[in-house]
Amino acid sequence: MRLLTVNKIKEDMVCAKTVFTANGTILINKGTKIKYNYIERLLKHGIKRIYIENDLIGDIEIDDIIKDEAIQKAISIVDSTMNNISYYQEIDIEQIRSVLNTIIKDLFDNNNLIVQIMEIRAINEYTLEHCVKVAVLSLLTGLTLGYSKDELMDLGTGAILHDVGKALIPKEIINKPSQLTKKEYDIIKEHTNLGYKAIRRQNCVNDKVCEIILLHHERYDGKGYPTGLKGDEIPEYVKIVSIADVYDALTTDRVYRKRVEVSMAIEYLMSMGGIQFDYTLVRKFIKNIALYPIGKGIILNTKEKGFVVNNFKNFPTRPVVKIVYDSDGKKLSEPYEINLINSNTITIVATFNDV
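A few points on the structure.

Reading guide: rules and limits
- Residues numbered from 1 in each chain as written.
- Predicted model: local features only at pLDDT ≥ 70, side-chain atom pairs only at ≥ 80, totals over all residues.
- Heavy atoms only, no water.
- Buried < 20%, exposed > 50% of the residue type's maximum accessible area, 1.4 Å probe, protein only.
- Helix = DSSP H or I, 4+ residues; strand = E, 2+ residues; numbered from the N terminus.
- Arc of directions from axis to C-beta.
- Contact = heavy atoms within 4.5 Å.
- Axes fitted to C-alpha atoms, helices over the stretch in contact; angles between N-to-C directions.
- Parallel < 35°, antiparallel > 145°, perpendicular 65-115°, else oblique.
- Left-handed = near helix turned anticlockwise from the far one by under 90°.
- Nonpolar A, V, L, I, M, F, W, Y, C, P; charged D, E, K, R; others polar.
- Pairing = 2+ DSSP bridges.

Section: helix H11 (residues 262-271)
Within the span of H11, buried status applies to Val262, Ser263, Ala265, Ile266 and Leu269. Considered in projection along H11, the buried side chains sweep an arc of 160° and stay on one side of the axis. Taken together, the buried residues of H11 touch helix H10 (236-250) and helix H12 (279-286).

Examining the packing of helix H3 (residues 93-109) against helix H5 (residues 149-160)
Across the interface, H3 lies against H5 with an axial gap of 10 Å and an inter-helix angle of 120°. Here H5 runs oblique to H3, going by the angle between their axes. H3 and H5 meet at a crossing whose hand is right-handed. Where H3 abuts H5, its residues Ile93, Ile96, Arg97, Leu100, Asn101, Ile104 and Phe108 lie against Lys149, Leu152, Met153, Gly156, Thr157 and Ile160. Looking at side-chain class alone, the contact of H3 with H5 contains eight nonpolar, three polar and two charged residues.

Some points on the sheet that holds strand S5 (residues 297-300)
Spatial strand order, S8-S7-S6-S5-S9: five strands in an open sheet with antiparallel pairing. Each edge of the sheet is formed by a strand with only one pairing partner; in this case those strands are strand S8 (331-339) and strand S9 (348-352). Sheet twist, expressed as the average angle between the axes of neighbouring strands with direction ignored, equals 35°. Summarising the sheet, strand S6 (residues 305-310) and strand S7 (residues 320-325) pair through five bridges and their orientation is antiparallel. Looking across to S7, one finds that Val308 is bridged to Val321.

Pasting the structure below:
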């Protein structure tokens, strides 16, 4: 299988991985032949990329680090939590903890896996899935740091609720399809205080969770908000969520801007280490992210082209690549694999979406 942008999909291509809508409804089943109206349906739901079967790569399965059922349930719970907050009603914290327990168990069971890609299902449901993805990425980092089950639960609860204050921001500002004005941006920034106050009033979570909600936009150099904390004044679990928050924002399509490549997002986080983010925590964070997801087209310094077919935890820049085109651009009659961990002189110099 390979990852393909929807505008490059043709009729009779075969869907290699089930596609879901934002609320968890199946849109296209794995194994389904693509028809023109399916492509229209994908675009209508704001879905930009799907996995397509590809003879060049062969039959490759991607092991999901979290089961789809848990992700869908978490999104639904975030949705109901946001609704309750917007109407100043109580939230069901036990429901949140229950789904986090399931996610944490999945992470423990799949501790050797690396995050390939976490697809946004619908642009207009960004906040809901963003909260879940930030929770998963934060929990992965907590696991890398050796956090206990209780510490992971606090981290995950704060991460999944970090943007809850946006339920109290006018929707026309949250969903604005263009750049915000300074006044609108100042209103958006209030989501940290609003979320903190809303959850604090509930008396259902501890100080660590509330601090994540309040402080996740603080920055290592003291230029964040709302209080301008810097360095080690910012709690570690807040620093983790801030890294996951920015990473997911960068790698997700929005109505007003396209995502950046995972490798570019990682490069940005690394360049901001010691400035916006804790450099040590950035290093821990990226251990769990595949810079070049399975199915991604890559170009080597040898000018050969191929597709990523496997990744290794702790070696995010050295995947296994199936070489399909030689240095002259000719398709090979017998493609072959290179494990870049064992090939120190061979490097990835560029990526491509379509041959």
